[in-house]
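# Residue-level structure breakdown
The residues making up each chain are set out below.
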Amino acid sequence: MDKKLVYFLCTGNSCRSQMAEGFLKALGGDKFEVKSAGLEAHGLNPRAVQVMKEAGVDISHHTSDVIDPEILSKADYIITLCGPVNDNCPVVRNDKAERWHWGFDDPAKATGTKEEIMAKFREVRDSIKKRIEQFVKEGK
């Protein structure tokens, strides 16, 4: 059985898309090939790495990448996780891809105390995990 290619896209490929990639690899890696990228590569956010580790998923080895047109053209699912990339994603000549937008707040823009910022990262992480669990359950 060929694995379906899922391409998660976000603005900087530092938080949300990395979390989604990590969760889908952990929860559905037997069914899906998973990649993520951004309009820009902002580097892996250390807080994202920390909260994912708390959830039992190690994303510390991930790289922050810009969108690859070749991967985009081969993807079975193209899933955007933030408004800017959904609005600015390159036009894709890929009739087979299902394209979805799952909007999540950007935890990197959270303000407040360290505890409040980390709480936002955990909230977004947990929301992404629930959506990934639903995706895997539906067998998409």
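One can find the structure itself at the top, above this paragraph.
Attention here is on the structure that accompanies the text. (Residues numbered from 1 in each chain as written. Predicted model: local features only at pLDDT ≥ 70, side-chain atom pairs only at ≥ 80, totals over all residues. Heavy atoms only, no water.)

This paragraph deals with the environment of Val6. Along the chain, the position of Val6 falls in strand β1 (residues 4-10). Each C-alpha atom, one on Val6 and one on Ile78, is 6.1 Å from the other, the two residues being 72 residues apart in sequence. In contact with Val6, not counting residues within four places along its chain, are Leu24, Phe32, Glu33, Val34, Lys35, Tyr77, Ile79 and Phe135. (Helix = DSSP H or I, 4+ residues; strand = E, 2+ residues; numbered from the N terminus. Contact = heavy atoms within 4.5 Å.)

Counted under the stated rule, the structure contains eight aromatic pairs. Aromatic rings pair up to connect Phe8, Phe32, Tyr77, Trp100, Trp102 and Phe135 into one cluster. (Phe/Tyr/Trp six-rings, centres within 6.5 Å; stacked < 30°, edge-to-face > 60°.)

Contact pair helix α2 (residues 46-54) / helix α5 (residues 114-137): the axes reach a minimum separation of 10 Å and the direction vectors enclose 60 degrees. In this view, α2 runs oblique relative to α5, as classed from their interaxial angle. Relative to α5, α2 is oriented so that their crossing is right-handed. Of α5, the residues touching α2 (which contributes Arg47, Ala48, Gln50, Val51, Met52 and Glu54) are Ile117, Met118, Phe121, Arg122 and Arg125. The residue makeup of the contact of α2 with α5, split by class, is six nonpolar, one polar and four charged. (Axes fitted to C-alpha atoms, helices over the stretch in contact; angles between N-to-C directions. Parallel < 35°, antiparallel > 145°, perpendicular 65-115°, else oblique. Left-handed = near helix turned anticlockwise from the far one by under 90°. Nonpolar A, V, L, I, M, F, W, Y, C, P; charged D, E, K, R; others polar.)

Quick look at the packing of helix α1 (residues 16-28) against α2 now. Between two packed helices, what matters for the description is the angle formed by their axes and the separation of those axes. Two elements in contact, α1 and α2, have axes separated by 10 Å at closest approach and are oriented at 25 degrees. Compared by their axis directions, α1 and α2 come out roughly parallel. The handedness of the crossing between α1 and α2 is right-handed. Residue-level contacts link Met19, Gly22 and Phe23 of α1 to Ala48, Val51 and Met52 of α2. Here the residues of the contact of α1 with α2 sort into five nonpolar, one polar and no charged.

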